[in-house]
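Chain by chain, the residues run as shown.
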Amino acid sequence: MKYVFVCIFFCFSIAGVAQDHGFPFGQVTYRDLDIKNYDKDTSAVAVVLNEFGEAYIDSGNDNNLLLEYHVKIKILNKAGTDQANFEIPLRKSNGKEEVIKNVQASSYNYENGVMKEAKLDTKNIFKEERSKYWNLSKFAIPNARVGSVIDVKYTLESPFIYNFRTWTFQGEIPKVKSEYWATIPGNYIYSISLRGFLQLSRNESELVRDCFSPGGGNTAECARSMWVVKDVPAFVEEEYMTASSNFISSINFELSEIRYFDGRKNKITKEWKDVEQELKADNKFGIQLKRGKDIVDGKVDQLIIGETNPLVKAKKIYDFIRFWYRWNDVYGAYSEFGIKKAFDTKIGNVGDINLSLIAALKYAELDVEPLLLSTRRNGLVTELFPILSDFNYVVAKVNIGDKVYLLDATDDFVSFGLLPERCLNGKGRVFGAKESYWYDIKPTEKEKTLSIINLVLDSLDVMRGTIQYSFI
């Protein structure tokens, strides 16, 4: 895999404003309609004829992050009609949420030899609540069928400027051209990474003067970066592949510093020693570990009374926590409800359950440390500098003698010392008593399945009986 890291400090001497700026909505040609297949990928079910995105921070209103997105797609066969169904993830947190606005969407088809447009009625745009942290904006392009060209344009407004919009050049269908512009005020310092194997056909930057006016008479210059990739192949996920984000060609941003107009600086990208102190004082992490021992200590006393073997102690505590809780299928490196509430209700997210486990093991005077990791579907973590948002899971690392055991109590069918497959993804960060360090997460045993089949052939030549699977 090829990674190219670029840090922007906004010291550009290039001035002026770029001339080419996306492409007009609704300019579908008869040539577009006449396309029967894509010669660079004859198996393609559809192809993106053009794609453009521009992200910038709004000078007015609440200084939100705006992404203007525009795509034109040709549907080549029946399987490609799924491209007319749009589901746009919208993040929400702490009473704030992203919204979709200014939606324009149409399909274009031949009817009696003449091009006809079918427009999306904005009343048919729906918002679905997917989880505590995500909504979906959903709509379907009308009259989309084999041979159609669909044209879609919208603006996504986000209050979460810390997460400047990632752009993925690749998708499940090929693209003739994919272009992204990012206009970033000089007082927001981002680390920018280009991930993947595709070569950029355009990689330019320019200075835009007085582009950001947040109020109070303050103005800032901006760095505008422009990236283009042409003839983009479809991204095909292979069996046993980890998160596609580890391999797919994309532009990624991480906010490292904010420079305020009064001269103050807020360094977002910190050193690990700073992160360690923050986690210890975090009400949903370090504080929960301190509170946890007062909640589970009575149960632990009963479990390990008279037991001196540390491995036996650890196994008893692990089994108790594993069967006490019901996992709510929510990932998280932090406690969602707080250990006390989760313990009382016997329900919790990954953080609730495994922080309870760590607290119980600590109370039993075992050498245990929390290990933060990123699941396979979430992607690999950045090792160059601390990015806590990379982590979405926490497990217990128990050190007994010269052996290390990694424990996850969310799954009733995972034995002591084994992690679910979702956790086997590169390295995790262990937060020890004195300092943190990286730890390679490797499978210790092969997955085994025991099948017991008990079948009887009856007089009607029908097999009846039971089949039992055990995961060991």
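To be clear, the structure that these remarks concern was listed above.
Residues numbered from 1 in each chain as written. Predicted model: local features only at pLDDT ≥ 70, side-chain atom pairs only at ≥ 80, totals over all residues. Heavy atoms only, no water.

The secondary structure content of the protein amounts to six helices and 26 strands. For the protein, the C-alpha atoms occupy an extent of roughly 85 × 85 × 40 Å along the three principal directions. In the protein, which comprises 472 residues, the share counted as buried stands at 47%. Here the analysis covers contacts within the protein between residues at least 6 apart in sequence; of these, 69% occur between residues at least 24 apart. If you sum the accessible surface of the protein, you get close to 24,800 Å²; carbon and sulfur atoms cover 49% of it. Here the protein carries 61 positive and 64 negative side-chain charges, and the mean point of each set is 1 Å from the other. (Helix = DSSP H or I, 4+ residues; strand = E, 2+ residues; numbered from the N terminus. Buried < 20%, exposed > 50% of the residue type's maximum accessible area, 1.4 Å probe, protein only. Contact = heavy atoms within 4.5 Å. Areas by Shrake-Rupley, 256 points an atom, 1.4 Å probe, with all protein chains shown as cover. Lys, Arg positive; Asp, Glu negative; His and termini not counted. Charge placed at Lys NZ, Arg CZ, Asp CG, Glu CD.)

Turning to helix α6 (residues 350-363), a few remarks are in order. The end-to-end C-alpha separation of α6 is 20 Å, in line with the 20 Å expected for 14 residues at 1.5 Å each. Regarding α6, its N-cap is Asn 349, as a side-chain oxygen of that residue lies 3.2 Å from the backbone nitrogen of Gly 351 further along. Of the residues one or two after α6, Glu 365 is the one with positive phi, at around 65°. (Expected span 1.5 Å × (residues − 1). Polar contact = N/O pair within 3.5 Å; in protein donor to acceptor, adjacent residues only side chain to side chain.)

Moving on, we get to the side chain of Gln 288. Relative to the helices and strands, Gln 288 resides in helix α3 (residues 286-304). With a relative accessible area of 5%, Gln 288 lands in the buried category. Sequence-distant contacts of Gln 288, defined by excluding residues within four places in its chain, comprise Asn 283, Ser 335, Gly 338 and Ile 339.

Spatial strand order, β7-β6-β10-β3-β2-β12-β15-β14: eight strands in an open sheet with mixed pairing. Looking at which strands have only one partner, the edges of the open sheet turn out to be β7 (114-119) and β14 (202-215). Ignoring which end each strand starts from, the neighbouring axes of this sheet average 15° apart. Note: strand β3 (residues 65-75) against strand β10 (residues 149-158), ten bridges, orientation antiparallel. For Glu 68, the partnering residue across the bridge sits in β10 and is Thr 155. (Pairing = 2+ DSSP bridges. Axes fitted to C-alpha atoms, helices over the stretch in contact; angles between N-to-C directions.)

The sheet built from five strands is open, its strands ordered β22-β21-β20-β23-β24 with antiparallel pairing. Of all the strands in the sheet, the pair left with one neighbour each is β22 (403-407) and β24 (436-440). Going from strand to strand, the sheet's axes swing by 35° on average, the running direction of each strand aside. Inspection of the sheet shows strand β21 (residues 393-400) paired to β22 by five bridges, in the antiparallel sense. Residue pairing across strands places Ile 400 opposite Lys 403, the latter belonging to β22. In the packing of α6 onto the sheet, the strands contacted are β20 (367-373), β21 and β22, and the crossing angle to β21 comes to about 20°.

This part covers the environment of Phe 343. The residue Phe 343 is located in helix α5 (residues 339-345) in this model. Sequence spacing of Phe 343 and Arg 376 is 33 residues, and the spatial spacing of their C-alpha atoms is 28 Å.

Counting buried positions along strand β16 (residues 250-259) gives nine out of ten residues, so the element sits mostly inside the fold. One ladder, built from eight bridges, connects strand β13 (residues 188-195) with β16; its direction is antiparallel. Following the sheet pairing, Arg 195 is matched in β16 by Ser 250. As paired elements, β16 and strand β17 (residues 265-267) share three bridges and run antiparallel to each other. By the bridge assignment, Arg 259 is partnered in β17 with Lys 265.

So, about the side chain of Glu 369. Relative to the helices and strands, Glu 369 resides in strand β20. Under the relative-accessibility criterion, Glu 369 is labelled buried at 12%. At 3.3 Å, the side chain of Glu 369 and the side chain of Asn 399 are in polar contact. For Glu 369, the side chain forms a polar contact with the side chain of Tyr 437, separated by 2.8 Å. Once residues lying within four places of it in the same chain are set aside, the contact partners of Glu 369 are Val 395, Ala 396, Lys 397, Asn 399, Val 430, Phe 431, Gly 432 and Tyr 437.

A few words on the pairing of β7. Pairing analysis gives six bridges linking strand β6 (residues 99-111) to β7, with the strands arranged antiparallel. Looking across to β7, one finds that Asn 109 is bridged to Lys 116. Following β6, the chain reverses through two residues before pairing antiparallel with β7; Asn 112 in that reversal takes a positive phi of roughly 55°.

Simply put, disulfide is the name for a covalent bond between the sulfur atoms of two cysteines. Within the structure shown, the criterion is met by one disulfide. The disulfide bridge from Cys 211 ends at Cys 222, spanning 1.5 Å between sulfur atoms. The sign of the S-S torsion, about 55°, decides the handedness of the disulfide formed by Cys 211 and Cys 222: right-handed. One end of the pair, Cys 211, is in strand β14; the other, Cys 222, is in strand β15 (residues 218-232), and eleven residues separate them in sequence. Using a relative accessible area of 24% as the deciding quantity, one classes Cys 211 as partly exposed. Residue Cys 222 is classed as buried on the basis of its relative accessible area, which comes to 3%. (Disulfide = S-S within 2.5 Å.)

Spatial relationships are all this shows, so hold off on functional conclusions.
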